[in-house]
Amino acid sequence: MRVRFAPSPTGALHVGGARTALYNWLLAQQGATFVLRIEDTDRERSTPENVEQILDALEWLGLDDYEKPWISQISRRERHQEVLRQLIDGGHAYRSTAAKPEVDAYKARHGRERGFRGEAEAEGAVRLRVPDDGETVVRDIIRGETTFAHVHLDDPVIARADGSVLYNFAVAVDDLDAGITHVVRGEDHLSNTPKQLLVLEALGEPGPLYAHLPLLHGPDGKKLSKRHGAASVQELRDAGFLPEAVCNYLVLLGFGMYDDETIVPIDALINRFDLTHVSKNPAQFDERKLRWMNGRYVRDLSVEDLTARLETFTGRTGLRAAVEISREKMQTLADFWPLAGFIFDGPADDPAAREKWLDDDGRAVLRDVHAALDAVDPFTQDAVQAALEGVVAAREVKPKQIFQPVRVALAGRAISPGIFETVVVLGREETLRRIDRALQSVAKAPAP
RNA sequence: GCCGCUAUCGUCUAGGGGACUAGGACGCCGCCCUCUCACGGCGGAAACCGGGGUUCGAAUCCCCGUAGCGGUACCA
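On a predicted model such as this, the values are computed, not experimentally measured, just so you know.

> Help me understand the environment of Leu215 in this model?
Locating Leu215 in the fold gives a position in the loop between strand S10 (209–213) and strand S11 (216–217). The partly exposed category is assigned to Leu215, whose relative accessible area is 22%. Residues Leu215 and Arg185, 30 residues apart in the sequence, show an inter-C-alpha distance of 9.7 Å. Not counting chain neighbours up to four residues away, the residues in contact with Leu215 comprise Arg19, Gly186, Glu187, Asp188, Pro282 and Ala283.

> What exactly am I supposed to notice about the nonpolar core here?
One recurring pattern in soluble globular proteins is that nonpolar side chains are buried together. Counting 102 residues, the largest nonpolar core has Tyr23, Leu58, Phe285, Val369 and Leu373 as the members making the most contacts within it. Ranked by the residues each element gives to this core, the list is headed by helix H1 (residues 15–29), at nine residues. Setting aside residues no more than four positions away along its own chain, Val369 makes contact with Leu388, Val391, Ile402, Val406 and Ile435. One finds Leu87, Leu153, Val199 and Leu203 within the second-largest nonpolar core, a separate group that totals 29 residues.

> Help me understand the layout of surface pockets, please; the structure alone is not making it clear to me.
Over the atoms rolls a probe the size of a water molecule, and its path tells where empty space is left. In this model, the largest pocket occupies a volume close to 870 Å³. Residue lining of the largest pocket: 36 residues in total, with Pro7, Ser8, His14, Gly17 and Asp188 positioned closest to the centre. Of all the elements in the fold, those that place two or more residues in the lining of the largest pocket are strand S1 (2–5), H1 and strand S9 (182–186). Ranked by residue count, the leading element in the lining of the largest pocket is H1, at four residues. Counted by class, the lining of the largest pocket contains 14 nonpolar, eleven polar and eleven charged residues.

> Looking at this structure, how should I read the environment of Ser96?
Turning to its location among the elements, Ser96 is positioned in strand S4 (residues 93–96). Residue Ser96 is classed as buried on the basis of its relative accessible area, which comes to 2%. Between the C-alpha atoms of Ser96 and Ala122, which are 26 residues apart in sequence, the distance is 7.5 Å. Setting aside its immediate chain neighbours within four residues, Ser96 contacts Glu119, Glu121, Glu123, Gly124, Ala125 and Arg127.

> Can you walk me through the packing of aromatic side chains in this structure?
Describing an aromatic ring pair means giving the distance of the ring centres and the angle of the ring planes. Taken as a whole and judged by the stated rule, the model has eight aromatic pairs. Both rings, one in Trp337 and one in Phe344, keep their centres 5.5 Å apart while their planes meet at 15°; by these two values the pair is stacked. Judged by relative accessible area, Phe344 falls into the partly exposed class, the value being 30%. Taken together, a centroid distance of 5.3 Å and an interplanar angle of 90° make the contact between Phe403 and Phe420 edge-to-face. Of this pair, Phe403 sits in helix H18 (residues 399–411) while Phe420 sits in helix H19 (residues 419–444), and the two are 17 residues apart along the sequence. Overall, the relative accessible area of 13% leaves Phe403 in the buried class. A residue is classified by how much of its surface remains accessible, and Phe420, at 13% relative accessible area, is buried. Clustering of aromatic rings is evident, with ring pairs tying together Tyr23, Phe255 and Phe273.

> Sorry, what's going on with the side chain of Arg117 here?
You can see Arg117 is positioned in the loop between helix H4 (100–110) and strand S5 (125–128). Within the local environment of Arg117, its side chain forms a polar contact with the backbone oxygen of Val130, the two atoms lying 3.3 Å apart. Looking at Arg117, its side chain comes within polar contact range of the main-chain oxygen of His150, at 2.9 Å. Beyond its immediate chain neighbours, meaning those up to four positions away, Arg117 contacts Tyr94, Tyr106, Val130, Pro131, Asp132, His150, Val151, Leu153, Asp154 and Asp155.

What counts as what
Positions within a chain are numbered from 1, following the residues in the order the chain's sequence is written. Labels are handed out in written order, letters beginning with A for the chains and numbers beginning with 1 for the ligands. Local features in this predicted model are restricted to residues of pLDDT 70 or higher, and side-chain atom pairs are both shown and tallied only at a pLDDT of 80 or more, whereas totals for entire chains, interfaces and linings draw on every residue. The side-chain quantities take in all heavy atoms of the structure and omit both hydrogens and water. Each helix is a run of DSSP H or I of at least 4 residues and each strand a run of E of at least 2, with the numbering of both proceeding from the N terminus. Buried residues are those whose accessible area, probed at 1.4 Å on protein chains only, stays under 20% of the maximum for their type, while exposed residues exceed 50% and partly exposed ones sit between those limits. Contacts are assigned to residue pairs with any non-hydrogen atoms lying within 4.5 Å of each other. Put simply, a nonpolar core is a bunch of buried Ala, Val, Leu, Ile, Met, Phe, Trp, Tyr and Cys residues held in one set by side-chain atoms that sit within 4.5 Å of each other. The pocket and cavity definitions rest on a 1 Å grid over protein atoms only: a 1.4 Å probe that fits but cannot leave marks a cavity, an open set with protein on both sides within 12 Å along at least five of seven lines marks a pocket, and residues lining either have an atom within 4 Å of a point. Grid points are joined across faces, edges and corners, and a volume is the space filled by probe spheres set on the points. For this classification, the nonpolar set comprises Ala, Val, Leu, Ile, Met, Phe, Trp, Tyr, Cys and Pro, the charged set comprises Asp, Glu, Lys and Arg, and every other residue, Gly included, is treated as polar. Any pair of Phe, Tyr and Trp rings, taking the six-membered ring for Trp, is counted once the centres come within 6.5 Å. Such a pair is stacked with planes under 30 degrees apart, edge-to-face with planes over 60 apart, and tilted for the rest. Distance and chemistry together define a polar contact, namely a pair of N or O atoms within 3.5 Å, with one atom able to donate a hydrogen and the other to accept it when in protein, and with adjacent residues in sequence counting only for side-chain atoms on both sides.

Here is the structure:
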């Protein structure tokens, strides 16, 4: 069994493409040979930058154990010309100058549902001759057999007038030469499959087995694109998602497990994945569910691992202590800095929080807390907690009345990791300094 | 227009003639936990597109409609 992933040469890897790659990769883990080929027959759009982006995305996802990738247009020109000549000489294809107007005129005469048939000419583009009778059957593991009657099919153009070949021709010949047995790709290719099969048939070749995956849609039900937010793997990475969560989510988006598990690591998926259980209907990409799933994966990471990833993501170092007290509150890596950045960069500026919690009562509380923490020794979490709870008891108020002013003094906002943990991570000196500063800044603020 | 694919809670899905009072997950609502935000726990609302068949029996099989999506390029 040989499978291949043949993405467009257009830079960023679309999440739909990522899912296709994932399914191919899963098949490879089950024993298939996995081939990667950039399919580019359109004036070499496969720039080194574009190819690198695709390869990077696959590497990030951990799907990079394919056979050495190759680019169709660049390496296959001569072979394509050879097959083209073979088809023309054999009477399976012909040159024709007929374009859109001629095709429309033909259909006006013979009926809208009749496929275009042209006459052989001395020059022009190359069209494949489709038999008038019969049908081409696409054998698909996911959908069963789909039949296309030849009468409805136009003689497809397989090469331009300048001799450069077109996708439906190139992909058929490339798959044939690469010995591909199973083609797993998006459903958008289903309607063009008979053209590819017809090329193969003219060559006397049987054609592979297909598995056309349902398309991915955005929240509005339309094909997923940039305007839906993160539509590419690189955007997902930049948004702070973990590759293992993205893989888990993508596999299950369109693939139903027999049991009811949702969080299934990619390794566990290898044994259970089965093309016959891939869903037939298009799926909407739901970023909220991905966020939830990503949170689960974040919490399963060790503190060391999570710290390393966050240091790469933020470009900062020395994050470990802050990570340890924040990990329960993150869904994505991008959530970390807004939550814990104050530990490193000083309090945030949230006027509403200051106004609410640093009023006269709040300042009185801060003075008590300052005194209490000043006396704590050793400065451990238990001791800090006892000291702060002592203030709560002494003032006979709800814990929140004490903890929130402290939180705002330290973090500058009403949301932060646990207050005892935060105080300990900041240390006595920094904590007291921030409380002093909060008292001063409030005192200096002009009275309303 | 023509050709094709698809159709279960808002979303992802389980379901392959009786086990369906249609199960799980995200999201949503309520309660609990609680120093904020989260996490976690418990509970709840929420679906078989419509119409005909086949059958003792249909979410499941067939047909027709409808809707959504895709293809229809000298794009990939």
